[in-house]
Amino acid sequence: MTPAATAMTSAMNDDEAGLTLVEIIVALAMLSIGLTLVMGLFSTGLSRTGIAERLAGAVSLAQSVMAEAGTVIPLHTETREGTEANGYRWRLAMQPYRPGQGGDARQVELYQISVEVGWLEGQDPRSYALSTLRLGPRAAGSQ
């Protein structure tokens, strides 16, 4: 091979071996789009995790307040409200499920116990409610 042909072949190999500026810009654009999508997914995941933690706290508080009804808090027609340091507000309502008819000699009565826990998620109000029935002493006014 002549020296001119060798130089030409060498120049062709050099052109084919590297990346052009356009290829690098396209690769960086694709990388930035991919990273933007992945970071958006992480951000959404973190915010949903925070929402799930707040909801779990509300469920725990509602179960705790409901467990106190009939043990720490005596069963009778009543409504109680309270707040917690972490921003939760709760409301406990106890009332006879079906008030007994006059002349009924039963000593016990069925109560409907309802607990609602509310909090703010950013600017949006959120709430969680539980309701159950419990057996308790007969209310004085329903005999």
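Residues numbered from 1 in each chain as written. Predicted model: local features only at pLDDT ≥ 70, side-chain atom pairs only at ≥ 80, totals over all residues. Heavy atoms only, no water.

**Digging into the overall build of the chain**
Next up, step 1: Scanning the chain for helices and strands turns up two helices and four strands.
Next up, step 2: Beginning at the N terminus, the succession of helices and strands in the chain can be written as α-α-β-β-β-β.
Next up, step 3: For the chain, with 143 residues in total, the buried portion stands at 21%.
Next up, step 4: At a minimum sequence separation of 6, the contacts of the chain that also span at least 24 residues come to 51%.
Next up, step 5: Approximately 10,200 Å² of the chain is accessible, and the part contributed by carbon and sulfur atoms is 61%. (Helix = DSSP H or I, 4+ residues; strand = E, 2+ residues; numbered from the N terminus. Buried < 20%, exposed > 50% of the residue type's maximum accessible area, 1.4 Å probe, protein only. Contact = heavy atoms within 4.5 Å. Areas by Shrake-Rupley, 256 points an atom, 1.4 Å probe, with all protein chains shown as cover.)

**Topic: the packing of aromatic side chains**
Next up, step 1: One pass over the full model with this rule turns up one aromatic pair.
Next up, step 2: Positioned over the ring face of Tyr 88 is Arg 54, at 4.6 Å from the centre of the ring. (Phe/Tyr/Trp six-rings, centres within 6.5 Å; stacked < 30°, edge-to-face > 60°. Lys NZ or Arg CZ within 6 Å of the ring centre and 35° of its normal.)

**A closer look at a nonpolar patch on the surface**
Next up, step 1: Taken together, the side chains of Leu 19, Ile 24, Leu 28, Leu 31 and Leu 35 define a hydrophobic patch exposed on the protein surface, amounting to about 500 Å² of accessible area.
Next up, step 2: Secondary-structure assignment places Leu 31 in helix 2 (residues 21–68).
Next up, step 3: Overall, the relative accessible area of 49% leaves Leu 31 in the partly exposed class. (Patch = residues over 30% accessible without salt bridge, like charges linked within 9 Å, V, L, I, M, F, W, Y side chains within 5 Å. Salt bridge = Lys/Arg side-chain N within 4 Å of Asp/Glu carboxyl O.)

**Looking at the sheet that holds strand 1 (residues 78–83)**
Next up, step 1: Here we have four strands laid out as an open sheet, ordered 1-2-3-4, and antiparallel in their pairing. On the outer flanks of this sheet lie strand 1 and strand 4 (124–137), each paired with one strand and no other. Between one strand and the next, the sheet's axes are offset by a mean angle of 15°, whatever the strand orientation.
Next up, step 2: The sheet contacts of helix 2 involve strand 2 (89–96), strand 3 (108–121) and strand 4, and relative to strand 3 the element is tilted by about 155°. (Pairing = 2+ DSSP bridges. Axes fitted to C-alpha atoms, helices over the stretch in contact; angles between N-to-C directions.)

**Topic: the pattern of salt bridges**
Any two side chains of opposite charge can pair, so long as their charged atoms come close to each other.
Next up, step 1: Tallying each qualifying case throughout the model produces two salt bridges.
Next up, step 2: Glu 78 is the partner of Arg 80 in a salt bridge, and the nearest nitrogen-oxygen pair spans 2.6 Å.
Next up, step 3: Across the pair Glu 81 and Arg 91 runs a salt bridge, and its minimum N-O distance is 3.7 Å. Here Glu 81 is found in strand 1, whereas its partner Arg 91 is found in strand 2, with 10 residues between them in sequence.
Next up, step 4: On the basis of relative accessible area, Arg 91 is assigned to the partly exposed category, the value being 38%.

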